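Structure assessment
Now for the letters of each chain:
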Amino acid sequence: MIHSLFLVSTAGHIFLEKHWKSVISRSVCDYLFEAQGKASAPENVPPVIATPHHYLISVYRDRIFFVAVIQTEVPPLFVIEFLHRVAETFQDYFGECSEASIKDNVVIVYELLEEMLDNGFPLATEANILKEMIKPPTILRSVVNTITGGSSNVGGTLPTGQLSNIPWRRTGVKYTNNEAYFDVVEEIDAILDKSGTVVFAEIQGVIDACVKLSGMPDLTLSFVNPRLLDDVSFHPCVRFKRWEAERVLSFIPPDGNFRLMSYHVNAQNLVAIPVYVKQNVSFFETGSSGRLDITVGPKQTMGKTIEDVVITVHMPKVVLNANLTTNQGTSTYDPVTKVLVWDIGKLNQQKVPNLKGSLSLQSGAPRPDENPTLNIDLRIQQLAISGLKVNRLNMFGEKYKPFKGVKYVTKAGKFQVRT
Amino acid sequence: MQRLLQLPANAVSMVKTAQGQEEARSPVLTPDNGQPAWYNAVPPEESRHIRPGGEQEEPGSSEDAQMQPLRHDDLKEMLDSNKDSLKLEAMKRIVAMIARGKNASDLFPAVVKNVACKNIEVSPPRPSRYRDISQTDPNQLIRASALRVLSSIRVTIIVPIMMLAIKEAASDMSPYVRKTAAHAIPKLYSLDPDQKDQLIEVIEKLLADKTTLVAGSVVMAFEEVCPERIDLIHKNYRKLCNLLIDVEEWGQVVIINMLTRYARTQFLNPNANESLLEEGGEKTFYGSDEEEGKEDKVEAAALVVKRKPYVMDPDHRLLLRNTKPLLQSRNAAVVMAVAQLYFHLAPKAEVGVIAKALVRLMRSHSEVQYVVLQNVATMTIKRRGMFEPYLKSFYIRSTDPTQIKVLKLEVLTNLANETNISTILREFQTYIKSMDKDFVAATIQAIGRCATNIGEVRDTCLNGLVQLLSNRDELVVAESVVVIKKLLQMQPEKHSDIIKHMAKLTDNIQVPMARASILWLIGEYCEHVPKIAPDVLRKMAKSFTNEEDIVKLQILNLAAKLYLTNSKQTKLLTQYVLNLAKYDQNYDIRDRARFIRQLIVPTDKSGALSKYAKKLFLALKPAPVLESPFKDRDHFQLGSLSHLLNAKAGGYQELPDWPESAPDPSVRNVEVPEWTKCSSREKRKEKKVEKPFYSDSEGESGPTESADSDSDTGSGSGSGSDSGSEDSGSESGSEESEGESDSEKDEKDKRKMKKWRIYVSFCVALLLKCSFPSPQAASPTCGPLKTYELLHRITGEGLAVTYCFSRRPFTGDPHMVSVQIQFTNNTEVEARSLRVLEPKLQSGMRIAEFPEIDVLPPGEISTVVMGIDFCDSTQAANFQLCTHTKKFFVTIQPPVGELMMPIFMTENEFKKEQGQLMGMNEITEKLTLGEGCRGDHVIIQRVISTANLSRVPCGSAMECRFAGKTVTSGSLVLVTVVTKEERAAQVTVNCEKMLIGTMLVKDILQALSQ
């Protein structure tokens, strides 16, 4: 299946290659560079490129292209999903998935790749198993290794989890404090039009868990209002039959952090849009200038404060600079990338944040006839905007009493206001 | 090199974990004196000469700066140094070099050497050794790893060994080992496709496996080796369907794709009736005449089908039912696989369920979106209704990458119908204002397609597009012109004002395609704009020489048409243009000019054709059909690479058409789990054959075996494990018990004992076969076993106990030396419950006790076997021997020669191994051979009776070589006896364990000088 993997930086520098079958010359990446040259941005490089002898399937993440070389028919999503899994594993191991961190940990990267694929077919992709075999780098261990000259990141125990039919959980887990935390994170995806009417809005959420429980706990998580959930996808640990029958999540959790489920809230329920935006962006026919005026205010917030509000505007190319004043937060305009960022912070009921000022355009250039879209970022703590509520969490199979915590957060997902 | 270099770390861990089985992962993957296969792929100098690019690009990079001054010589020096930290640094740099595609092959020897000395306990392994490990190690993970390493050696010489190892592993007790066997199959197949038939046998066997762990891997192997052998699936079809939900996610994808193909060959089309109606309708729509004949046939067939009401095969239903929950998987590939299965197999009414899941995938990474949208685009052509409720999910955001935008646009266009067109058009209006011009162009195309497909909105669209003609962006205008041209072709009469408007644009628009389109329009409909057309031609004639080729051709075209309709006004202009074209640089244009002149300008020579010139040029042209590029893509299996590329990728398996009538469904019936029966029968057969080799006396072997197995299951069941068969060590026992799936437990419980015994005896047989390659070679080794006294009959108050080292591998745990203990009851009363109590052992030593002897009647003799792990030391094992009344302290002290077991190797291997064990590890002593010690066979016999070694075949008459490995750690023990003139001789022992070497030399000296 997957023949080779190349990691390529945006600058076109191949900084890591790994071959599972035979060595494929790195010149195959030229086809990627060619496509990259044609594309206006790295995101626009097609994920699948056919070359005379191979197919390149790539994903672009964290400014790195993960390029898999394959030779025969294979479902493209299979490869894409795997490459993302690789990137996530790196992220998990090194804290960030960047060229520098990968270069610093080349040995571990190789060990990981060797375990993740066998002859091109995925073997161990569960973080729990991998961590049992290959220990993530820590400062302590690297210090010890430097002093003693020991080189092993490889775990001392055999990956017994691989043998079981709950491969996501490692065996012999022990904690002094047994804790289980669940974050219910909801994102509002919305498109508002010029006048502020909702063109499209939906809520999707995820439940991320951090479970640190000893032994083999069997958890059951139930909701007050499971009917809200329209479409769900689960971590493999969740027993689907019980969800079908009783609408509860029953599972033996992996150890550590994982995404328990992601869901989509029933589209019939009207989505509460927590903010309103009034905007006016206009460019004048004469004088190479324009005016910008944006006001943001809280709307349906269910009594919570809206925090971390950031508005990002991608300006047309002809906008040279912006001379703006605001009564709250800071605004910056980057003339190179043409991005205006207005970092507002908390939204108060009393004072309505406003940003206005003039835009200077390239002289002589025609007035841009398109208006930029506003992208809004925000966060509301202690609120799941759909109203989803966890009812209770029960544990079976172990005797101790764990500490259980649930947190709700609402964020803006792809929240756009057209102008 | 790559594999090689990451292994030191691995190898170290295996030392820790596996107590001496570390070579399972150790790095040297080369066969005898061969370079690894992957070396040849990189020409030696390539990296330095051909690819300096990488270095030049980043001259300032710190890593390069570090690397540059360090030539390979320096790295070699570092590797040769005594400091571990330097070596480590060197290794890391080499890995980094390889990561960047540099050639490090000249460092290979240095690294190998290093690996050999770094891990004192690692001896460079050989393929056959891996095979031994893969068969005999008590820990399933190590067996599996050994097989994995073995199968990764890409050298044809070892094909037979690999084949044997795979076959063994395929019937291993541990599902994990069987999984590894399945993984090894494609590797072997790619190495040597001639093995296909044998491999298919293995696949067939593994397909019958009932564990989820194996299912995915074996289907993968099936797809790579023999995807055409669909008959192998029949018996396993239902099992695969039922296991599916518990298989790991990557396996699910492979299985679902395979089952889709299978189902297409075995079941009837659930939509046979509907699809026929649908197709019929479509065909008339597209008006293809040739297919009518076919259609009749199909209809006839359909009538047959219609008469018989369709009933879905229960197996078909089973597949649909069992795959549906997987739509909820977090893995996009699994969801897509199920979606395509439903699209290709489900009745129309049920396909809808996949829409929601696919829409969910659209929130994933952009690459996932890209692939999913491609598939959705294909689906929306066939089944538009399915995605209509999710129309808004395909709305485009300004932050989407262009390729995603274009695909969403495609889907929106496919979804457009009379009811939603107004919403869609409103949405399109916002898109046209986007900054992304490629996207705007695609939107204009999309509007054009909506206009052609939905008659009601044609005028609205056209008006909108005309407005775009005054857009400031030339690309937008050009695209609009092209689309308007296509639309106007449908009803030109009504739109002469649009044509006029466009004629004016020729002054401004510079995009060649747009200019060409306008000229074509004016020429085609010159009768609607009789006044303007000649004037346009006049302007064009002026600028003719500066136009692009495509525009020049259209100018000629326009000239010709005008000449035919309005020759009075345009005759001279046409002549002028034709003259210009005659001397054009492009021969296409010269050619066209000549052709047109002959056709339209009447001369005496002009043939019959010129009469029809008008008909030729001004024939009514059919309006173009604006079609989705995704039409007809569904003949590729959705979700496949071929579908995405719209071209057949290598190894693509066609999705078969539904059969006319269903094949016999009874082939899928499974009555009895056949495989356990027959495989155990095979084993039994082998056992019989092997018996003479490993048993001195027929009568003895029977009880020994059963005694072994009893003792083992005893300890195994203590820890609640049901695979105690393979490990009596408590550690691995508990590992395995957790590894077992619930379903297996039930299944195994009853058959366990019986199967297990057969398995053990089989293993023993195999082991012995490996150790002694032929009976001839083996015969001298079987000298009389030396018996030691454990308990004298006087101290034992009538109970005499002797022991000897049976030199047979201890069946429960190969790390143990098996000690055969013989009890003789010299008293008048029976001794009861003879057992071991309170062993006092040195740290690390272990004892596998023999099963308690319930009753030993007076005068009787009983023999049992116990296993002792001496940890490769000659320290004694102390324990108490109890009867129902007494306790006796006893001691077993092994001679050093019993701490090893023979291994078979060739002379070359021996020399190579010996070369690795020089210096401190080599002990040489000279001696004078004893009186009776003449001739090879005596020497051989004496050495072999001293130490449990096997002889290595040897070319020289003066030399005798012996090889073995220590039982616990598996360190090699190599003995060479060289005889010289007179009775002088020299004994050399090479062993990593110096202590053992020294002691062994002493013992052999003594034996030989007697």
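Residues numbered from 1 in each chain as written. Chains lettered and ligands numbered in written order. Predicted model: local features only at pLDDT ≥ 70, side-chain atom pairs only at ≥ 80, totals over all residues. Heavy atoms only, no water.

Where we set the bar: UniProt positions are given in the numbering used here, feature names are shortened, and annotations may be inferred rather than shown by experiment.
Under an unreviewed UniProt entry, the name given to chain B is AP-3 complex subunit beta, and the source organism is Scleropages formosus. Taken from UniProt, the Sequence similarities (unreviewed entry) comment for chain B reads in full: "Belongs to the adaptor complexes large subunit family."

Named according to an unreviewed UniProt entry, chain A is AP-3 complex subunit mu-1 originating from Scleropages formosus. The annotation that UniProt attaches to chain A under Sequence similarities (unreviewed entry) is "Belongs to the adaptor complexes medium subunit family." In UniProt, chain A has this text filed under Function (unreviewed entry): "Part of the AP-3 complex, an adaptor-related complex which is not clathrin-associated. The complex is associated with the Golgi region as well as more peripheral structures. It facilitates the budding of vesicles from the Golgi membrane and may be directly involved in trafficking to lysosomes."

**Details of the overall build of chain A**
The condition that has to hold: What counts as a helix is a DSSP run of H or I of at least four residues, what counts as a strand is a run of E of at least two, and both are numbered from the N terminus. A 1.4 Å probe rolled over the protein chains alone gives each residue an accessible area, and that area as a share of the maximum for its type sets the label: buried under 20%, exposed over 50%, partly exposed in between. By definition, residues are in contact when any of their heavy atoms lie within 4.5 Å. Areas reported here follow the Shrake-Rupley algorithm with a probe of radius 1.4 Å; residue values treat only the protein chains shown as occluding.
Within chain A, the regular secondary structure consists of seven helices and 23 strands. Put simply, chain A has 419 residues, and 58% of those count as buried. Long-range pairs, those at least 24 residues apart, make up 69% of the contacts in chain A with a sequence separation of at least 6. Accessible surface for chain A amounts to roughly 16900 Å². Of this, 50% is attributable to carbon and sulfur atoms.

**Concerning the packing of helix α19 (residues 332-345) of chain B against helix α21 (residues 353-361) of chain B**
Residues and elements named next belong to chain B. Operational definition: Orientation is described by axes fitted as lines to C-alpha atoms, over the contacting stretch for helices, and by angles from 0 to 180 degrees between their N-to-C directions. Angles are sorted into four bins: roughly parallel if under 35 degrees, roughly antiparallel if over 145, roughly perpendicular if 65 to 115, and oblique for all others. Each crossing gets its handedness from the near helix: less than a right angle anticlockwise from the far helix is left-handed, clockwise is right-handed. Charged residues are taken to be Asp, Glu, Lys and Arg, nonpolar residues to be Ala, Val, Leu, Ile, Met, Phe, Trp, Tyr, Cys and Pro, and polar residues to be all remaining types, Gly included.
As a packed pair, α19 and α21 sit with axes 10 Å apart at the nearest point and diverge in direction by 150 degrees. In terms of their interaxial angle, α19 and α21 are classed as roughly antiparallel. Our pair here, α19 against α21, has a crossing hand that is left-handed. Contacts between α19 and α21 involve Ala332, Val335, Met336, Ala339 and Tyr342 from the first element and Val353, Ile354, Ala357, Leu358, Arg360 and Leu361 from the second. Looking at side-chain class alone, the contact of α19 with α21 contains 10 nonpolar, no polar and one charged residues.

**Re the pairing of strand β23 (residues 403-417) of chain A**
All names here are of chain A. This is how it is decided: Two strands are said to pair when DSSP picks up at least two bridges between them.
Taken together, the 13 bridges between strand β8 (residues 179-192) and β23 define a ladder with parallel strand orientation. Bridging across to β23, Ile191 finds its partner in Gln416. Bridge count between strand β21 (residues 374-381) and β23: five bridges; the pairing is antiparallel. Looking at β23, one finds that Gln381 is bridged to Val409.

**So, the pattern of salt bridges**
Here the idea is simple: oppositely charged side chains can pair when their charged atoms come close. Put simply, the rule reads: Should a side-chain nitrogen of Lys or Arg be within 4 Å of a carboxyl oxygen of Asp or Glu, the pair is scored as a salt bridge.
In this structure the tally under the stated criterion is 47 salt bridges over all chains. A salt bridge links Arg846 of chain B to Asp869 of chain B; its shortest N-O distance comes to 3.0 Å. Linking Arg846 of chain B in strand β5 (residues 846-848) with Asp869 of chain B in strand β7 (residues 861-869), this pair joins segments that are 23 residues apart in sequence. Overlapping salt bridges, with partners in common, bring together Glu81, Arg85 and Glu126 of chain A together with Glu249 and Arg330 of chain B in one network.

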